Number of protein chains: 4
Amino acid sequence: MIIVMNRGASDEAIDAVCERLQKEGFVIHLSKGVERTIIGAVGDKTRIDRSNLEALPGVEKIVPILQPFKLAGRDFRQEDTVIRIGDVEIGGDQVQIFAGPCAVESWEQLIESARAVKAAGAKILRGGAFKPRTSPYAFQGLEEKGLQLLAQAREETGLLITTEVMDPRSIEVIAHYSDILQVGARNMQNFFLLKELSRVNKPILLKRGLSSTIEEWLMAAEYLMAGGNHQVILCERGIRTFETYTRNTLDLSAIPIVKQMSHLPVIVDPSHGTGKWQLVRPMSKAALAAGADGIMIEVHPNPSEALCDGPQSLTPTNFEALMEELRTMTRMMGKTL
Amino acid sequence: MIIVMNRGASDEAIDAVCERLQKEGFVIHLSKGVERTIIGAVGDKTRIDRSNLEALPGVEKIVPILQPFKLAGRDFRQEDTVIRIGDVEIGGDQVQIFAGPCAVESWEQLIESARAVKAAGAKILRGGAFKPRTSPYAFQGLEEKGLQLLAQAREETGLLITTEVMDPRSIEVIAHYSDILQVGARNMQNFFLLKELSRVNKPILLKRGLSSTIEEWLMAAEYLMAGGNHQVILCERGIRTFETYTRNTLDLSAIPIVKQMSHLPVIVDPSHGTGKWQLVRPMSKAALAAGADGIMIEVHPNPSEALCDGPQSLTPTNFEALMEELRTMTRMMGKTL
Amino acid sequence: MIIVMNRGASDEAIDAVCERLQKEGFVIHLSKGVERTIIGAVGDKTRIDRSNLEALPGVEKIVPILQPFKLAGRDFRQEDTVIRIGDVEIGGDQVQIFAGPCAVESWEQLIESARAVKAAGAKILRGGAFKPRTSPYAFQGLEEKGLQLLAQAREETGLLITTEVMDPRSIEVIAHYSDILQVGARNMQNFFLLKELSRVNKPILLKRGLSSTIEEWLMAAEYLMAGGNHQVILCERGIRTFETYTRNTLDLSAIPIVKQMSHLPVIVDPSHGTGKWQLVRPMSKAALAAGADGIMIEVHPNPSEALCDGPQSLTPTNFEALMEELRTMTRMMGKTL
Amino acid sequence: MIIVMNRGASDEAIDAVCERLQKEGFVIHLSKGVERTIIGAVGDKTRIDRSNLEALPGVEKIVPILQPFKLAGRDFRQEDTVIRIGDVEIGGDQVQIFAGPCAVESWEQLIESARAVKAAGAKILRGGAFKPRTSPYAFQGLEEKGLQLLAQAREETGLLITTEVMDPRSIEVIAHYSDILQVGARNMQNFFLLKELSRVNKPILLKRGLSSTIEEWLMAAEYLMAGGNHQVILCERGIRTFETYTRNTLDLSAIPIVKQMSHLPVIVDPSHGTGKWQLVRPMSKAALAAGADGIMIEVHPNPSEALCDGPQSLTPTNFEALMEELRTMTRMMGKTL
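Criteria and thresholds
- Residues numbered from 1 in each chain as written.
- Chains lettered and ligands numbered in written order.
- Predicted model: local features only at pLDDT ≥ 70, side-chain atom pairs only at ≥ 80, totals over all residues.
- Heavy atoms only, no water.
- Least-squares fit on C-alpha atoms with pLDDT ≥ 70 in both.
- Contact = heavy atoms within 4.5 Å.
- Buried area = accessible area lost by both parts, 1.4 Å probe.
- Salt bridge = Lys/Arg side-chain N within 4 Å of Asp/Glu carboxyl O.
- Polar contact = N/O pair within 3.5 Å; in protein donor to acceptor, adjacent residues only side chain to side chain.
- Helix = DSSP H or I, 4+ residues; strand = E, 2+ residues; numbered from the N terminus.
- Nonpolar A, V, L, I, M, F, W, Y, C, P; charged D, E, K, R; others polar.
- UniProt positions renumbered as here; feature names shortened; annotations may be inferred.
- Buried < 20%, exposed > 50% of the residue type's maximum accessible area, 1.4 Å probe, protein only.
- Pairing = 2+ DSSP bridges.
- Domains from an automatic or database assignment.
- Axes fitted to C-alpha atoms, helices over the stretch in contact; angles between N-to-C directions.
- Phe/Tyr/Trp six-rings, centres within 6.5 Å; stacked < 30°, edge-to-face > 60°.
- Lys NZ or Arg CZ within 6 Å of the ring centre and 35° of its normal.
- pLDDT = per-residue confidence, 0-100.

The name recorded for chain A in an unreviewed UniProt entry is Phospho-2-dehydro-3-deoxyheptonate aldolase, from Heliorestis convoluta.

(A) Fine view of the relation of the copies chain B and chain D. After a rotation of 180 degrees and a shift along the axis of 0.0 Å, chain B superposes on chain D with an RMSD of 0.0 Å. Classification of the inter-copy transformation places it as that of a two-fold axis. Closest to the rotation axis within chain B is the C-alpha of Ala286(B), separated from it by 2.0 Å. The overlap is high: 100% of the interface residues of chain B also sit at the interface in chain D, so the same surface is used on both sides.

(B) Quick look at the interface of chain A and chain B. Across the boundary between the two partners, chain A contributes 48 residues, which contact 47 residues of chain B. Interface area, chain A with chain B, both sides summed: about 4100 Å², of which 52% is carbon and sulfur. Summed over the shared surface of chain A and chain B, the result is four salt bridges. Taken together, the links from chain A to chain B amount to 14 residue pairs in polar contact (both at pLDDT 80 or more). A per-element tally of the side of chain A that touches chain B places helix H7 (residues 214–226) of chain A first, with five residues. A per-class count over the side of chain A that touches chain B returns 20 nonpolar, 14 polar and 14 charged.

(C) Representation of the UniProt feature "domain: DAHP synthetase I/KDSA" (unreviewed entry) in chain A in the model. The positions that UniProt labels "domain: DAHP synthetase I/KDSA" (unreviewed entry) are, in the present scheme, residues 83–331 of chain A. For residues 83–331 of chain A, the helix share is 39%, the strand share is 16%, and the end-to-end C-alpha distance is 21 Å.

(D) Region of the structure containing the pairing of strand S14 (residues 294–298) of chain A. Residues and elements named next belong to chain A. Within S14, five of the five residues are buried, which leaves the element mostly enclosed by the surrounding structure. Neither face of S14 is left uncovered, since the one carrying Gly294, Met296 and Glu298 and the one carrying Ile295 and Ile297 both have all their residues buried. Inspection of the sheet shows strand S7 (residues 96–100) paired to S14 by five bridges, in the parallel sense. Counterpart to Ile97 in the pairing with S14 is Ile295.

(E) Here's a closer look at the domain arrangement of chain A. With domains assigned, chain A is organised as domain 1 (2–63) and domain 2 (83–332). Taken over C-alpha atoms, the centre of domain 1 of chain A sits 44 Å from the centre of domain 2 of chain A.

(F) Representation of the sheet that holds strand S2 (residues 27–32) of chain C within the structure. Residues and elements named next belong to chain C. The strand order across the open sheet built from four strands is S2-S3-S1-S4, with neighbouring strands paired in antiparallel fashion. With one partner strand each, in any of the chains shown, S2 and strand S4 (59–63) form the two edges of the open sheet. Going from strand to strand, the sheet's axes swing by 20 degrees on average, the running direction of each strand aside. Across three bridges, strand S1 (residues 2–5) lies against strand S3 (residues 37–42) in antiparallel orientation.

(G) How the structure looks around the packing of aromatic side chains. Enumeration according to the criterion identifies eight aromatic pairs over all chains in this entry. Here the aromatic rings of Phe130(A) and Phe192(B) are separated by 6.4 Å at their centres, their planes lie at 55 degrees, and the arrangement is tilted. Of the two residues, Phe130(A) is situated in the loop between strand S8 (124–126) and helix H4 (144–157) and Phe192(B) in helix H6 (residues 191–197); the pairing between them involves two chains. Like Phe130(A), the residue Phe192(B) is buried in the burial classification. Between the NZ or CZ atom of Lys195(B) and the centre of the ring of Phe192(B), over which it lies, the distance is 5.4 Å. The aromatic ring of Tyr245(D) is capped on one face by Lys276(D), whose charged end is 4.7 Å from the ring centroid.

(H) Spotlight on the relation of the copies chain A and chain B. The operation relating chain A to chain B is a screw motion whose rotation component is 180 degrees, with 0.0 Å of axial translation and a residual RMSD of 0.0 Å. The fraction of interface residues of chain A whose copies in chain B are also interface residues reaches 98%, indicating that both copies meet through the same surface.

(I) Molecular detail of the confidence of the model for chain A. When pLDDT is averaged across chain A, the result is 92; 99% of the residues are at 70 or more. Interface predicted TM-score (ipTM) for the complex: 0.92; the corresponding pTM is 0.94.

And the structure:
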């Protein structure tokens, strides 16, 4: 950590910063320039709050040198993390497609989606049972009934299932039914939820928050890992920018960056990332080309009757055609689908 | 609601949209132009999901005409909402200052802050008992012990108290102790939390999310109101933009806009909004000049020893000087402090 | 165009808006709802300024129905525009790679770059002669000398050349030497420059502005086309967002969107779009997978000696390896490189 | 400047960086930690391009310690710069109001605006003669004729005049007529224009770019000052964010920040900053409360007939009322209007 002092910071101020750091076991490198005094501090950063130092008199700014996360970082683990559920691998040489409707609406809708998803070659079924909607007047999900339908669809098709958890009180029931638990973009920094999930023995799919930096996203993964759950799958799903033509701006550069900074697998959700089904096809291919370990796609037997997110859902026919293209792309990337 | 059809949308597509709308009780105004067909639909918008229409063949876009919220809007209630707790009024002719430390750390720290806040003329003490920190390794709050200290400080000083709630499971205990319950920026769209809070009989201070539009903020207020809790205080605390010099970009234009669109009181938190104590003074004055009903300010007896947010906290001395200036500004705005 | 009136707008106000529209030849569709009166107006939008209507009493908002550009839009021209310079095609079945150094620094640096670019199979050499630098103390380019070196490199290698124009006074000299004239992100809305370039008989490569929406970008193309120059190549190069890990956020969704809204060719610049050479490889492949007509890549014989943008430049060896991968990707997309 | 090396950077890589720095006259402080080696470099930063260092093998990141601007910074000049034109002072104890129409449309419109502006107590008349419009089909200004009308209005009213310059070729004619030359937000980084303006002996009003950081804004001022023109007035006019309710997000925190970092005067343009005349009143007052040296306001005798920016223009009556409030606010800030 580097502490930059104000121009004209007094010797007392400089000494006070050094003493404080030394008290916490830091080794100090002092460098007095003509314009600024700079203090380098080597030690255990968790011993001191960066913002405390910033509040000391004469301090201009603190420059962190190391990333704030440890367990989620490449420094901690060099090889890629591969998450295995039965014979399904996430993060290795397989590319995984997570597909299904935004919300579980009925048995017919779900099983029709599940069969289409399975027939086209995907291995993981997605579907929301608890729905966080921006309007209190919109459909809020089938709740436990939805979880039971998902489990039934798994039994019939052999697909794994993944569904979102939003409330610490429903973790237990969701973990009972679902193979993978999803944390939505709006809950990426719901630290109470993350803490509870860190004690669950199931993989967590952690979506990037709408306005979260990559560093904050990896810090949220760190919360899960620090509590003991190392099975974290990251999911890029678009960030909020000034561009309003798409629902969000899908940040595909995040894929190679995460691969550099972290060992965790990372997938992409172009359905939420763009909000338009016509963009799902090109952006799915682009995501694989950028190195993603998987794609999450909304598929609905009848998008215009969907109780949520119809405009970004593919029909089974369009999904099948896309899978064909993704298979070619996967081969080109040296992986299997 | 206006439905704009694609150039070259077929008559069947147009008819299908009209039928769907009429089935839900909408009255249709059809306007066929040379380049586009436009369908105006008048009716109860909660009967149909906008995104379903967008998923129908031939639909280019949907243009909503009315705001999606009702209870939170000026159309629903013309006069300003005033929230009364004892003789303290929020949203009327009084300006309220909410002040205190970021986190409750100890009795000494809290009572010293509380006395300073009280002496300078503020009426509401803030202090976090449960702390959502971006790092799992940082101080996480004193929890119920913190609530008890807040209650004790209220007893000694007569100040009202406000503290943040982050987990639906702790609503009961927080509502037992606190006069006002705070929803933080990261939880503004935690709809499960909002639903529970909508049944609590205490005022809710609802902070604007980091990347939330004003409309989404008012929709979050609508969640609280739709469930029965009409005592909502809005709080602008900065949005995330490309500018990194400040922690967030404080959006003061939101004040007069909220006053136009809604009847709810709105306050400003320049401590979080800027992240730098030196900016708290000018931005507090600017917030009052823009029409805010109150200001929330972090005050700590010793900012450089604070367990969180030291750099944005005022010392008691600086706070007292600021209160002097705010008193003059309040008078100028024709209100009382 | 739809005009939404305020709740409670008077009949006089409604009549005034209708009269104003009718005076300009618009046909009016009036729809009086319980909550709002809505006026549909069909006619020649260039006859009236939208903002004038917004300034009329009682007007709440104006909702445009058609896109503001004409010549740049798919409605105007259904088939893709293909720009031909000799046997090089931009926008058709060929994928074009534009490669070379950020700035022309010397004959040795340029010709070494050019030969590497040529050997690896690219057909267009890029290189800046006039450099807009954020610091007045940084290298500002070789100016006309740089143009001469570019022309000489073209002679030796047979590559086409492209270079940036920033000042209307240098259009003539640049058009004399260069095959394609580039408008940088910072000048995308330099309308005086665009107007002059609209009269030049050379293709224009128009970079998207740092904070420009796709619609504004196409409006800038419209400026060029309205003045008579229809040879416009669009170039996505990243937008500014809150994420600071990359220099900009490369918005690859813009590729399929532009393809939908416009007939113009669109390429991607991952060097500026990410600012890091390690990201150029995955993002180039992703750009082609998303449907880009070409890629612009910075290549420098010795990036750490580069006078600008070293960190985002590929070495000739890395560039050659990337070209191999792009060739495979191009084939997969059914195009040729 | 601090150079942070990668974990595991080789000794050769570290030596290479040190040698490069020493060659340019930097003094080196080497600090080898367990996880990272850090190189502190003290010297003349203009001797080396930061990005070159970033391109050297083994370098993780460069952390600048000092601000990149010199002449524009407080370190260079402690006291506030006051710009004097006749008896009008910008940046001292006077608050200046710049007011007038967006565009000069006709003598009648201009003189009516000018008289209203003068009567209400403002001292500087604004009005565009050359208009950069996003649509090529919109009104583009009266050009030199507009300048003549402005000069005539000055003669009649005694107001100073300010108008925008967009093209280096029109600097001479604009400098001939106008008292202050304005650089618009879209041209803030038009470095060729800035270079030319740095040789003009008239004050320059430099608007902040739509997506410019405060540091980039001060670097643009540095361009003007490095060329010899130290009469720079900064103008905050809103930045582009995800919030679309306002045209831009007015960043009032920029005022106290600029006052801290620089000695230059800074004014605010709430008309462009919000795009809505109803917000001009509260945001003008807030700007003064935040410490602005002046306000720029669009005033038009008949906003709904304005050829540009009608919705954000005040009528003379509204302007007069606002001036009354600003006078009170100015007094409260200890200044004069």
